[in-house]
Each structure stands twice: as C-alpha cells, then as structure tokens.
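Observations on the model geometry
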Amino acid sequence: MIDAIYDPLVREDLSEVTDTAPALKASLAEQWTVSDDGLVYRFTLRSGVKFHDGTDLDASAVQANFARIMDKASDAYDERAAGNMTFLTRWIEKTTAVDAVTFEIKLKEPFAGLLRLLSDRRSGIISPASIAAHKGDGVGLNPVGTGPFTLKAFEQGQQLELKRNDAYWGGAAGVGSLIFRPVTDPTAMAIAMQTGQVDIIPSASSQQIAQLSVDPSLQIQYPEPANQYFVRLNTKAQYTDNKLFRQALNYAVNRDNLAALLNGQVTPLGGPVPSGNELPGNSGTSYTYDPVKAKELLAQAGFSTGVTIKLLAPNSGPGFGQASEIITLLQQDLGEVGINLEPQFLEFATLVSTEGPGYKDDVQGSFNGWTTGADSAYWLERMFAGDQQPPRGVNRGWYSNPAADQVFAQARGESDETKRLDLYRQAAERLADDSPWIFLYQDRLPRVLSARVSGISPARSVFIDYPRIQVK
C-alpha cells in the first residue's frame, strides 16, 4: 500500500522479468552521479513534481525526510522511524540540499549498495508539510506522498481505499481506485476471488493455490522474489557452536519433502543466496539431502546419538501457517541421524521479541524467514557480519567469521559491479561452508489475478507496478 502512495528516489523496474533482482530505474531522482572516491552521491530531482497536498518536491523536502531519521536536533526527528532506517543511515555521514533540484548524500565510507537500499519502500519520500503537521503514528494515518494514488478513505481493520492521482508525474494510473481489504480466513478469501469480489490476492497460500489454480477465470503468477526461510543457529550454544555439527544438520534435512508439504509453493534452497538476489546463479555450496554424510560429520565431530537441541518456532504469522508440520518433518529428518529436536512454539510477535536481543545459551536457534532487502547482495552482510550482532543488527545467532567480514568490507566499497558481485560470491561460499543457518527453502510467493486484470508482470519482487494495472 505504501508503494502506491509514496515514491522513493530510485525504484525497481517491475516491467521486466529477470533472473536476478530487478534493475533500478529513476523515480523522484531523474539522474545521479557518484564521485570518483565513491563517497558522494548527487541526485538531480524531477522538476514540476508535487506532493498530494500541493507541496512542491524539491531538495529541501528530501532533506526533511532525512532529518526525520538522522537529525536528533530537528523538530522532524522521529526515534522509531530512525531506528527502522539504520540499515540505510549507518552508512551516511551527512545529507545536503545543494540547491532546489540537487540533493547530496555523503557516505562515511564507499558503499556500492546504497542505491538499492534507497529503493526500499521505507525510503519513500513524505511531504515535509505532513512531517511538520503530524508526529509518530499521525504520519502513517495521514499519508501524503507523490505516488500514483492518494488516500480516499480508511476504516481501521476493514478497508483502505485509494483514489487515482490524476496529476501523477509518471502519468495517470490505468485504474481509478485501489481497495485493500484484510481477509483473515484463507478459504473465505479464495471464495471471494472465485466470485469476483476480489481481483488480486497478492500473496496466496498453498491451499489457496490448490483451490484456485483449476479455475480458468483466474491466473496464477510466481514472481519468486528473493527471500529465505531457515533455522538460524546459535553459534554460541552447545553443539551448534561446532561447524561440523551445523553442516550435519544441513545434510540431514530433506528439502524436497518440505517443498512437497507446501504443495510446490516453495523451492528447496540449500545455501545462503536466494534466487532473485543480485548475485546471479546459486552462489556457494548448496546442501542436498544426505543423511549418511550427516552421520559421518557427527561422528567426525565426536557426537554420539541422543543429542538434543532446542529451537524456537512460530505457531502462526505471515508465511508460517504450516510451521508445525514443517517442524514435524525437521524432527523426523534429524531423528534419523540421532538428533532429538525439541521445539518451543511461540506467537510470531513473541518469537521476534524473544530472539531480537540475540539467543540465550539455552536454545540452539529458531525457525524463521526473511524477505526485506534479500534482493541485495549486501543482505548477506546484514544477516551474517560480525558487527551486525545485537543490538546493532539482526545477526541473532552470534555468528562471526573475520575472513568473511574482510570480504564484505572489500565488496562494500567496490564500484566495479562485476568485481563487487564476485567478492560477495566469495563471502557466500564461506558462509555456506560455515553453515550458520540450516538453509531450508524459498517461498515462490504466488499471487492470484482475475483474468480481467492485466499489466502486472511476475518480476522478482513482492511489489506490484500499480500505475500499469489495467482492468477489462
């Protein structure tokens, strides 16, 4: 929904289907340059663009957005927003409105992944008048951007209606309105799709796909954006602090059975790089099901049968509707090689808050997934770098590999795209060998469309190019 209301400086090109992450294209910034030392990014803004409230888009408006997340002395500063944007702002030394149409970002060190981070929807540019008028949740409840749609009506928990922004700088959208409705019952949602009450299910469950794929009036798309579901391992805990033990866990898992359980909605993924990431192909070791190899590694590591590991797991939440069945399969696979898996099921929000500060020593890890930013090669650093351990980041399993960190540092500042991706590939190979996660699968994130809907390509993204939608 944010993507329909706001524009970032740069965005993904969702008109093309690619093997890797979508290419980046101009959005509010029509062009940009990078200094020879890789430290200064200078953006030229589009002229004549207005926010939905009539405010002009200029460099001072963009500067107000960065003050909101970086400048504690600014009236616009929002602590929660700032905390949510550290993945971007940690690299930035300062930002400057050079003149009305020129905005500049100066980095602390060269970071070639900046542009893709700026395409993140959390980097959408908000009207400075809205920032000044509203604080905290008020900004979200009164959304004002430059996007192809504006807010028409909002009924909490019931419906959100957007209307077309006829003055949109990119050209008026093909449909007059977008209506978003939350439907918690998956069967009711499928019925609503079949009866024409709903035109799009943007992320359908495996059960819905099975029910709806036989309906000729509907179309199924598999965008397969970069994401990964995994068991993050606690590299400080007993057993999982041992590299051979972690490798054994990866060989013990039958990922094809997981894919079958989820009706082909997921793709087995035996390594750290998902499809749709910037890295082409499958980089690094890809683990396959080999229980004999798993037992050999356990013996080599000096572990006899009867080892018990404890994992946290969600009992609900987005993407985890069949978490209990997945855990049951993992229990069976690990049991075959002599490892007893004891799960502790938690409500999803509780799981996130429990693992957020990093695992305690009495648990060997947790079952979870990740989508945001997984299209970037830099995502590997966010997940696995030693300096991304809590509270600075989301490396909650306390994994540390100084050799990989050194490669990350080289890749981060490499301006040559081929060399940069090759460095990240080297890091991925180290990560696969170290096995800080049990790599499980990638959700294909299918969407269901009415046959009368067109203009949506299955680009590798969770987002839809809203201006291009057409309805017959």
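Structure's up top.
The notes below deal with the structure included here. (Residues numbered from 1 in each chain as written. Predicted model: local features only at pLDDT ≥ 70, side-chain atom pairs only at ≥ 80, totals over all residues. Heavy atoms only, no water.)

Quick word on the overall build of the protein
Put simply, the rule reads: By definition, any uninterrupted DSSP run of H or I lasting at least four residues is a helix, any uninterrupted run of E lasting at least two residues is a strand, and each is numbered from the N terminus. Exposed residues in this analysis have more than 50% of their type's maximum accessible area, buried residues have under 20%, and partly exposed residues fall in between, with area computed by a 1.4 Å probe over protein chains only. The contact definition used throughout considers only heavy atoms, calling two residues in contact when any of these lie within 4.5 Å. For the accessible areas, the method is Shrake-Rupley and the probe is 1.4 Å, while residue cover comes only from the protein chains on display.
If you tally the helices and strands in the protein, you get 17 helices and 20 strands. Oriented by its inertia axes, the alpha-carbon framework of the protein measures out at about 70 × 55 × 40 Å. Looking at the protein as a whole, 51% of its 472 residues qualify as buried. At a minimum sequence separation of 6, the contacts of the protein that also span at least 24 residues come to 69%. With an accessible surface of roughly 20200 Å², the protein has 48% of that area assigned to carbon and sulfur atoms.

Section: the sheet that holds strand β8 (residues 159-164)
Using the following cut-off: One bridge is not enough; two strands pair if DSSP finds at least two bridges between them. For every element, the axis is a line fit to its C-alpha atoms; helices are fit only across the contacting stretch, and the angle between N-to-C directions ranges from 0 to 180 degrees.
In space, the 3 strands of this open sheet follow the order β7-β8-β9, with antiparallel pairing throughout. Edge positions in the sheet fall to β7 (149-155) and β9 (177-180), since each of these pairs with one other strand and no more. In this sheet, adjacent strand axes meet at a mean angle of 20° when their direction is disregarded. Judged from the 4 bridges that link them, β8 and β9 form a sheet pairing that is antiparallel.

Examining the environment of K152
By the element assignment, K152 lies in strand β7. For the pair K152 and L162, spaced 10 residues apart in the sequence, the C-alpha separation amounts to 5.0 Å. The residues contacting K152, other than those within four sequence positions of it, are E161, L162 and K163.

Considerations on the side chain of D78
So the rule is basically this: His is not counted, nor are the chain ends; Lys and Arg add positive charge and Asp and Glu add negative charge. Throughout this description, the term salt bridge denotes a Lys or Arg side-chain nitrogen within 4 Å of a carboxyl oxygen of Asp or Glu. Think of a polar contact as two N or O atoms within 3.5 Å of one another; within protein, one of them needs to be a possible hydrogen donor and the other a possible acceptor, and neighboring residues in sequence only count if both atoms come from side chains.
Tracing the sequence through the fold places D78 in the loop between α2 (59-70) and α3 (79-84). Buried charge D78 goes without a salt bridge, the closest partner of opposite sign being R68 at 4.5 Å. Here the side chain of D78 touches R80 through a polar contact of 3.0 Å, landing on its backbone nitrogen. Not counting the four nearest positions on each side in its chain, D78 is found in contact with R68 and G136.

Some details on the packing of helix α10 (residues 243-252) against helix α12 (residues 291-300)
To be explicit about the condition: Note on angle classes: values under 35 degrees are labelled roughly parallel, values over 145 roughly antiparallel, values of 65 to 115 roughly perpendicular, and the remainder oblique. Each helix crossing is assigned a hand: it is left-handed if the near helix lies turned anticlockwise from the far helix by less than a right angle, otherwise right-handed if that turn is clockwise. Here the term charged refers only to Asp, Glu, Lys and Arg, the term nonpolar to Ala, Val, Leu, Ile, Met, Phe, Trp, Tyr, Cys and Pro, and the term polar to all other amino acids, Gly among them.
In the contact formed by α10 and α12, the axes pass within 8 Å of each other and the chain directions differ by 165°. As summarised for this structure, α10 and α12 are arranged roughly antiparallel, according to the angle between their axes. The two elements α10 and α12 cross, and the hand of that crossing is left-handed. Contacts between α10 and α12 involve L244, F245, Q247, A248, Y251 and A252 from the first element and P291, K293, A294, L297, L298 and Q300 from the second. Residue composition of the contact of α10 with α12, by class: 9 nonpolar, 2 polar and 1 charged.

Thoughts on the sheet that holds strand β16 (residues 365-370)
Spatially, the 6 strands line up as an open sheet ordered β13-β17-β12-β16-β14-β15, and their pairing is mixed. Edge positions in the sheet fall to β13 (266-268) and β15 (339-346), since each of these pairs with one other strand and no more. Neighbour to neighbour, the strand axes of the sheet diverge by 30° on average, direction disregarded. Sheet topology places strand β12 (residues 228-233) next to β16; 6 bridges connect them, and they run antiparallel. Looking at the pairing, L233 lines up with G365 of β16. This element, α10, spans β12, β14 (307-314), β15 and β17 (437-443) of the sheet and lies at about 30° to β17. This element, helix α13 (residues 323-336), spans β12, β14, β15, β16 and β17 of the sheet and lies at about 165° to β15.

What to know about the pairing of β12
The element β12 is extensively covered by neighbouring structure, given that 6 of its 6 residues are classed as buried. Residues Q228, F230 and R232 line one face of β12 and the alternating positions Y229, V231 and L233 line the opposite face, and both faces are buried. Where β12 lies against β17, 4 bridges are found, and the strand directions are antiparallel. Counted as the bridge partner of F230 is F439 from β17.

Here we look at the pattern of salt bridges
Inspection of every chain in the model, using the stated rule, returns 25 salt bridges. For D3, the salt bridge goes to R121, with nearest N and O atoms at 2.9 Å. Within this pair, whereas D3 is found in helix α1 (residues 2-5), its partner R121 is found in the loop between α5 (114-118) and α6 (128-133), the two being separated by 118 residues in sequence. Given a relative accessible area of 5%, D3 falls into the buried group. According to the relative accessible area criterion, R121 is buried, its value standing at 10%. Of the charged contacts, one joins E12 and R121 as a salt bridge, the two residues approaching to 3.2 Å between their closest N and O atoms. Of this pair, E12 sits in strand β1 (residues 10-12) while R121 sits in the loop between α5 and α6, placing them 109 residues apart in sequence.

Some remarks on the packing of helix α16 (residues 402-412) against helix α17 (residues 417-434)
Close contact between α16 and α17 brings their axes to 8 Å; oriented N to C, the two are set at 165°. On the basis of the axis angle, α16 is roughly antiparallel to α17. Two packed elements cross with a definite hand, and for α16 against α17 that hand is left-handed. Along the contact surface, α16 presents A403, A404, V407, F408, Q410, A411 and R412, while α17 presents R420, L423, Y424, Q426, A427, R430 and L431. Classifying every residue of the contact of α16 with α17 gives 9 nonpolar, 2 polar and 3 charged.

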